[in-house]
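Structure assessment
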Amino acid sequence: MASKVIQALYHDDDVLMHAVKKVRAEHHHIEEVYTPFPVHGLDKAMGLADTRIAITSFMYGCLGLTVAIVMMNYIMIEDWPQDIGGKPSFSYLENMPAFVPIMFELTVFFAAHLMVITFYLRSKMWPFKKAENPDKRTTDDHFLMEIGVHDNEKELTDLLWETGAVEIKVTEKES
Amino acid sequence: MYTFSNRLKIGSFIAMGLGVIFLAIGFLSAPSTVEEAKAIVAAHDDGHGGGHGQEAVSHGGDQGHGESAAHGAEASHDEGHDASHDEHLLHQLQNKPWAALYVAAFFFFMIALGVLAFYAIQRAAQAGWSPLLFRVMEGITSYLVPGGIVVFVILVLSVMHMNHMFVWMDADVVAHDELLQGKAGYLNPTFFLVRAAIFLGGWIFYREYSRKLSLAQDESDDDSNFIKNFRWSAGFLVFYLVTESMMSWDWIMSLDPHWFSTLFGWYVFASMFVSGITVIAMVTIYLKSKGYLEQVNNSHIHDLAKFMFGISIFWTYLWFAQFMLIWYANIPEEVTYYVARFQDFKLPFFAMLVMNFVFPLLVLMNSDYKRVNWFVIMAGIVVLAGHYLDIFNMVMPATVGDQWYIGLPEIGGILFFGGLFVYWVFNTLTKAPLQPKRNPFIEESRHFHY
């Protein structure tokens, strides 16, 4: 289904922030904002829900830690007991200090990689996907705000010019 | 302007008074003869029943320890064994109140020094978020003067053989110890005190001068004082990193004169840094709760709590780096350091790890919790207690060995120096407006928001 959207371009992140607040105050629904770099506080201004990626990161970290413990316990304690530095090595706990670097690294490895993969999946990004970005300039020095049009094109256009937009266009968007 | 509330002032005086009484009890009940020392240990063993078996085990560890002439004699198992062992026990028991005094004195001094380093970093980095907290930091660093003098006096008394904490100060011990003779060029009482005086002099000078410039900046009409402060702070950081490292070798590592660790200076630094930042957060939250520092918002608290979290992890990293290399390299004179701690100090040793690592890791991980004042305060109390235990574990095994416990003199030390610290810090806070007027970054700090 194609929907009609209005796209306003801005030159400056401060102007954009004020514009976002103003548009929200007028009770229009902002569909998306495209920026060349992360703008602090934009998520709050747009009223987006808090990210839950931190929670997944914690769970992935716990998973990595578990994998490290199970793996080292099997390799170094059960399958082929190793004498590490002449220290007692009959249980995992007694040898635990020797495994701390591995436990740490696998925790970080799992948390980082799985978090990135989760982020891609959640953002519906995969190889050879066609870019959703409506205007290439938002990867350079422009900021773009996209608002759905529901028979209020004139009103929205006026409002957006007022907020300091440098360019406004209305297009049909496939979704 | 801040006015020192009467309740806090009276509270600090009561703490100091109680502390003096407890410390006095500790000093008076220390044995003065071998017989008294044996009687104390015997009474202790009777009270605990099976305690004796455990003692025998820990003595086995002591023999490997070999840190002093008394220990060296022990290993030979000859007739002199009992006599020298008893004398060693006497020294340990006589050290107990001194070590309690020293641990507490050093702990609170270290907080002020850690804050000074944090303050100098903010100055040298020209940080925009922190100028609102500069007066709080300057208040805490004012404790450097009394705290530094007390530590210095304890060191002078040690050199005068009032206690046996630093075995290398005993000429008799050095005469029978080749390793100590080799270190005598550096580790001798005169040079030791000269170094201590240089360290303390440099730190106190920077603190007083920077404070002067900071106050002058408020009254001036250009930024020259601010720029001067920036330059002095950068210079101080170089001086501090070298002297802090040497201070930790001198004042703490030399308690075990045979043992050495190359990253010990960093390890002590991490401890003082995280304790200092914790105290900045706690004092700031206290002042805010009394209606001062109204410009400080929860983003400032969030940043301090992030530092508490980060430096706690940093401390653990250094602690573990030191531990793992020594533990698995397994060189006798190095690994005894940890054998003594595993055998005789199980509880404080592992409690410290939980309090300084596991607890802050889990409690301060969530971003939202770092903005909740009471949460930061509770986490801060645990972190401070954990780092007291850290210093305790650095000092006690070498000075009192398996005779440690946390009793009246230890609590007295904490109360006395805690009271003095609170009194001195809050008294200094009344001396100048809590918000700097003309710091060029004050606007940025006021609008700090994340």
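Rules of the game
- Residues numbered from 1 in each chain as written.
- Chains lettered and ligands numbered in written order.
- Predicted model: local features only at pLDDT ≥ 70, side-chain atom pairs only at ≥ 80, totals over all residues.
- Contact = placed C-beta atoms within 7 Å.
- Nonpolar A, V, L, I, M, F, W, Y, C, P; charged D, E, K, R; others polar.
- Axes fitted to C-alpha atoms, helices over the stretch in contact; angles between N-to-C directions.
- Helix = DSSP H or I, 4+ residues; strand = E, 2+ residues; numbered from the N terminus.
- Parallel < 35°, antiparallel > 145°, perpendicular 65-115°, else oblique.
- Left-handed = near helix turned anticlockwise from the far one by under 90°.
- Core = buried A, V, L, I, M, F, W, Y, C linked by C-beta atoms within 7 Å.
- Buried ≥ 20, exposed ≤ 12 C-beta atoms within 10 Å, placed from the backbone.
- UniProt positions renumbered as here; feature names shortened; annotations may be inferred.

Regarding the interface of chain A and chain B
Listed per partner, the contact involves 8 residues of chain A and 7 residues of chain B. A breakdown of the residues in the side of chain A that touches chain B according to their chemical character gives 4 nonpolar, 3 polar and 1 charged.

A word on the packing of helix α12 (residues 264-289) of chain B against helix α13 (residues 298-329) of chain B
Residues and elements named next belong to chain B. Between α12 and α13, the least distance of the axes is 9 Å, while the angle of their chain directions is 160°. In terms of their interaxial angle, α12 and α13 are classed as roughly antiparallel. Helix-helix and strand crossings are classified by hand; for α12 and α13 the assignment is left-handed. Contacts between α12 and α13 involve W266, Y267, A270, S271, F273, V274, I277, T278, I280, A281, T284 and I285 from the first element and I301, L304, A305, F307, M308, I311, S312, F314, W315, L318, W319 and Q322 from the second.

Section: the nonpolar core
B:I280, B:M308 and B:V395 are the most contacted members of the largest nonpolar core, which has 111 residues in total. The element best represented in this core is helix α5 (residues 80-124) of chain B, accounting for 22 residues. Those residues in contact with B:M308 that sit more than four places away from it in its chain are B:V274, B:I277, B:T278, B:A281, B:P360, B:L364, B:A379 and B:V383. Judged by nonpolar contacts, the second largest core, of 16 residues, contains A:I6, A:A19, A:F143 and A:I147.

A few points about the UniProt feature "transmembrane region" (unreviewed entry) in chain A
Residues and elements named next belong to chain A. Feature annotation in UniProt places "transmembrane region" (unreviewed entry) on residues 53-76 and 96-121, given in this structure's numbering. As annotated, residues 53-76 has a helix share of 100% and a strand share of 0%, and its two end C-alpha atoms lie 34 Å apart. Secondary structure across residues 96-121 divides into 100% helix and 0% strand, with the first and last C-alpha atoms of the span separated by 36 Å.

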